[in-house]
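Residue-level listing of the chains:
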Amino acid sequence: MDLQKAPYFLREEQCVWVKQTLDDMTEEEKIGQLFCILGDVYEQQSRRELIQKYGIGGILFRPDTLENIQKKYREMEKCARIPLLKAANLEEGGAGVLTDGTYFGSQMQVAAADDMECTRNFARVCARQGREAGVNWTFSPVVDIDYNFRNPITNVRTFGNDPDTVLKHASVFVRELQKHGLAASCKHFPGDGVDYRDQHLHPTYNDLSAEEWFSSYGKIYESLIKEGLLSIMVGHIVQPNVIRWVNPEASEKDELPASLSREMLTGVLRERFGFQGVIITDATIMGGYTMAMARREAIPASIQAGCDMICFSTDVYEDIRYVKEGLQNGILTGERLDEAVTRILALKARVTDESRKPHELDEISFGQCGRWAEECADQAITLVKDIQQAVPVRSLDYPKIRLTVLGEDRMFDGSIGDTAQEILEKNGFQVERYDPFADDLHGSAGLPEDRLTLILANYQTASNNTTVRISWCPKHAMEIPRFVNEEKTVFISFANPYHLQDVPRVRTYVNAYSATRATVCGAIEKLIGNSTFRGISPTDPFCGLPDTHC
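Fair warning: this is a prediction, and the values are worked out from it, not measured in the lab. (Residues numbered from 1 in each chain as written. Predicted model: local features only at pLDDT ≥ 70, side-chain atom pairs only at ≥ 80, totals over all residues. Heavy atoms only, no water.)

Draft legend 1. Looking closely at the overall build of the protein. When you go through the protein residue by residue, the secondary structure sums to 18 helices and 18 strands. The globule rule puts the C-alpha radius of gyration for 550 residues at 24 Å, and the 25 Å found for the protein is close to it. Dimensions along the principal axes, computed over C-alpha positions, put the protein at roughly 80 × 55 × 40 Å. Counting every position in the protein, which comprises 550 residues, the buried fraction comes to 61%. For the protein, the proportion of contacts with a sequence separation of at least 24, taken over those separated by at least 6, is 77%. Carbon together with sulfur atoms contributes 46% to the accessible area of the protein, which is approximately 21,100 Å² in total. (Helix = DSSP H or I, 4+ residues; strand = E, 2+ residues; numbered from the N terminus. Rg over C-alpha atoms; globule rule 2.2 N^0.38 Å. Buried < 20%, exposed > 50% of the residue type's maximum accessible area, 1.4 Å probe, protein only. Contact = heavy atoms within 4.5 Å. Areas by Shrake-Rupley, 256 points an atom, 1.4 Å probe, with all protein chains shown as cover.)

What follows is the structure, given as structure tokens:
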């Protein structure tokens, strides 16, 4: 492995540091380097012990204030003989690590803006605020392809359902992010978005043919690797057809999630694509990992198969013991352990060196980050259909707005309902907040002709959610757009582009992709004609259904 070549490009003195550090490490320290822990699970003293005694290689903290995150990382760095990989999920902006950071928007929102400058600004915000927090490694971007609108976890986390679009945005994001000193980790190899289930709960499948996979997901990963991608996060997703392409003798027992599959990790990533960066599992607390193999065998088997690091543990002390046992019983070789640790140290040498250099982004204020987010939101909001020609909605025609919020009203920076009402009232509309429980069934004859029904939906995708669908009021589903033929109704989604499957006959439908004050304000301003819709849908919002076009 030549660390002076891609993807590390280390200087001679850095290569010497990696070799000397590896030579000076005990077996216990090498094993510790394999683990990236979820810091918030452990008390401060336990975190110190894991770093000082066991030599843990990486740590991730859930979002907290800038002051608290910086303090946590400083405390951990003081304990570490070898620099730490400090990770975050910077999928949506600085808010992935900072509660007082910028929630830029979902990846699908960025793709809908269809402007590579927005994508660059997205990466700049992640890099700027990640650097400020002390982060040097991000588990992003998501390079899954949202082929299946029923998938409960990919959705707006992706750049859409077109492989070329995903690659275009991911390439810019990775290049910009790594230019500013953070290592990117694309996920979730071999690719989520085909199955309709969630790998957090059990192993899932990407069952494209080998030919289809190599021309879509494979093309994305191979291209990013050639461009210098530093790390990859591997999902608990089975790709049986590529496994059999690599190993025609593979049996059913060899059809393992990629996080355990030698065919996918070594056969495809290392040998076919030539990847020499760090491979880390997705969180091994997930059912997709724990159900695939007995943990005592799985932890060392993942390293032997080609993973370099283990992300999160059900019990890290137990997992460390399993690696030791694996070395003793031959599941894991010492040669493979040294190879993994060499890659980890090389990544640390790269990002530690970069973090010490001044960057032009350090001069960019958090306020500028927020303005970039607003610009992206303005460009991304998409008018999917308006067959009743309701847009623009004028107060002269519809002075009254009946406003309904579905799902979660609270968002990162305020209330959806309150924000929408504020903008509408400033523009001369009278707003009635609809409570379905306070209403009763009625006919259509008495519907006010000067009133428009506005439905705002915020159903976030989340791990462990098996579906992302609208849940209606148990009282006769009173808030459904029942009389679409008699009254003007507009539906705006702020977190899921596929709600037309549940409101197919709504005649004016808007996708805003993210629940932020910027998207709510932007969507309302466009609805009432103060600005124009410019977004381009990165996926099929009609879900392939015949009646969603009605």
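Draft legend 2. Quick peek at the layout of surface pockets. Empty space within the largest pocket amounts to approximately 1,200 Å³. For the lining of the largest pocket, the secondary-structure elements that each account for two or more residues are strand 5 (183-189), strand 9 (278-283) and strand 13 (410-411). When grouped by side-chain class, the residues that make up the lining of the largest pocket number 22 nonpolar, 11 polar and 8 charged. (1 Å grid on protein atoms, 1.4 Å probe; cavity = no way out; pocket = protein on both sides within 12 Å on 5 of 7 lines; lining within 4 Å. Points joined across faces, edges and corners; volume = space filled by probe spheres on them. Nonpolar A, V, L, I, M, F, W, Y, C, P; charged D, E, K, R; others polar.)

Draft legend 3. Quick peek at empty space enclosed by the protein. Applying the stated rule across the entire model yields 2 cavities of 30 Å³ or more. If you go around the largest cavity, you meet 13 residues; those closest to its centre are Arg402, His442, Met478, Arg482 and Phe483. Looking at side-chain class alone, the lining of the largest cavity contains 6 nonpolar, 3 polar and 4 charged residues. The volume enclosed by the second largest cavity comes to roughly 40 Å³. Along its surface, the second largest cavity is lined by Arg402, Thr404, Tyr434, Thr453, Ile455, Met478, Glu479, Ile480 and Pro481. Elements that contribute at least two residues to the lining of the second largest cavity include exactly strand 12 (400-407) and strand 16 (451-458). Across the lining of the second largest cavity, the residue classes break down as 5 nonpolar, 2 polar and 2 charged.

Draft legend 4. Structural context of the nonpolar core. By size, the foremost hydrophobic cluster in this structure holds 134 residues, and its most contacted members are Phe35, Trp137, Phe189 and Trp213. The element contributing the most residues to this core is helix 15 (residues 334-355), with 9 residues. With near-sequence residues (within four places) excluded, Trp213 lies in contact with Phe189, Pro190, Asn206, Leu208, Gly218, Lys219, Gln239, Val242, Met264, Val268 and Phe273. Of all hydrophobic cores here, the second largest spans 28 residues; its members include Leu424, Leu452, Leu454 and Leu527. (Core = buried A, V, L, I, M, F, W, Y, C linked by side-chain atoms within 4.5 Å.)

Draft legend 5. Representation of the pairing of strand 1 (residues 35-38) within the structure. Burial along strand 1 is two-sided: Phe35 and Ile37 and Cys36 and Leu38, pointing in opposite directions, are all buried. With 2 bridges joining them, strand 1 and strand 10 (residues 309-311) adopt parallel strand pairing. Paired with Phe35 across the bridge in strand 10 is Ile310. Relative to strand 2 (residues 58-60), strand 1 runs parallel, the two being bridged by 3 bridges. Bridge assignment links Cys36 to a residue of strand 2, and that residue is Gly58. Once the chain exits strand 1 it traverses helix 3 (residues 44-52) before rejoining the sheet at strand 2, and the crossover so formed is right-handed. (Pairing = 2+ DSSP bridges. Right-handed = clockwise from strand over helix to strand, strands pointing away.)

Draft legend 6. Structural view of the side chain of Lys526. Tracing the backbone shows Lys526 in helix 18 (residues 517-527). There is a polar contact of 2.7 Å between the side chain of Lys526 and the backbone oxygen of Thr532. Lys526 has contacts with Asp378, Ile381, Val391, Ser531, Thr532 and Phe533, leaving out every residue within four places of it along the chain. (Polar contact = N/O pair within 3.5 Å; in protein donor to acceptor, adjacent residues only side chain to side chain.)

Draft legend 7. Region of interest: the packing of aromatic side chains. Throughout the structure, instances matching the rule amount to 15 aromatic pairs. Ring geometry for Trp137 and Phe139: centres 4.9 Å apart, planes at 80°, overall edge-to-face. What makes Trp137 buried here is its relative accessible area of 0%. Taking 6.3 Å as the distance between ring centres and 5° as the angle between the ring planes, the aromatic pair formed by Trp213 and Phe273 counts as stacked. With Trp213 in helix 8 (residues 210-215) and Phe273 in the loop between helix 11 (262-272) and strand 9, this pair connects stretches of sequence that are 60 residues apart. On the accessibility criterion, Trp213 (0% relative accessible area) is buried. By way of ring pairs, the aromatic residues Phe189, Trp213, Phe214, Tyr221, Trp245 and Phe273 are connected into one cluster. If you follow Arg272 out to its NZ or CZ, it ends over the ring of Phe214, 4.3 Å from the centre. (Phe/Tyr/Trp six-rings, centres within 6.5 Å; stacked < 30°, edge-to-face > 60°. Lys NZ or Arg CZ within 6 Å of the ring centre and 35° of its normal.)

Draft legend 8. Up close: the pattern of salt bridges. If you walk through the whole model with that rule in mind, you get 40 salt bridges. Close ionic contact of Lys187 with Glu91 constitutes a salt bridge, the shortest N to O distance being 2.7 Å. Within this pair, whereas Lys187 is found in strand 5, its partner Glu91 is found in the loop between strand 3 (85-88) and helix 5 (107-113), the two being separated by 96 residues in sequence. Beyond isolated ion pairs, a larger network of salt bridges with shared partners links Glu117, Arg120, Arg124, Glu176 and Lys179. (Salt bridge = Lys/Arg side-chain N within 4 Å of Asp/Glu carboxyl O.)

Draft legend 9. Structural context of helix 11. Most of helix 11 is tucked away: 8 of the 11 residues are buried. Listed as buried for helix 11 are Glu263, Met264, Leu265, Thr266, Gly267, Val268, Leu269 and Arg270.

Draft legend 10. Molecular detail of the packing of helix 6 (residues 116-133) against helix 7 (residues 163-179). Taken N-terminus to C-terminus, the directions of helix 6 and helix 7 make an angle of 40°; their axes are 8 Å apart at the nearest point. One element, helix 6, and the other, helix 7, form an angle in the oblique class. Considering the relative orientation of helix 6 and helix 7, their crossing is right-handed. Contacts between helix 6 and helix 7 involve Met116, Thr119, Arg120, Phe122, Ala123, Arg124, Cys126 and Ala127 from the first element and Lys168, His169, Val172, Phe173, Glu176 and Leu177 from the second. (Axes fitted to C-alpha atoms, helices over the stretch in contact; angles between N-to-C directions. Parallel < 35°, antiparallel > 145°, perpendicular 65-115°, else oblique. Left-handed = near helix turned anticlockwise from the far one by under 90°.)

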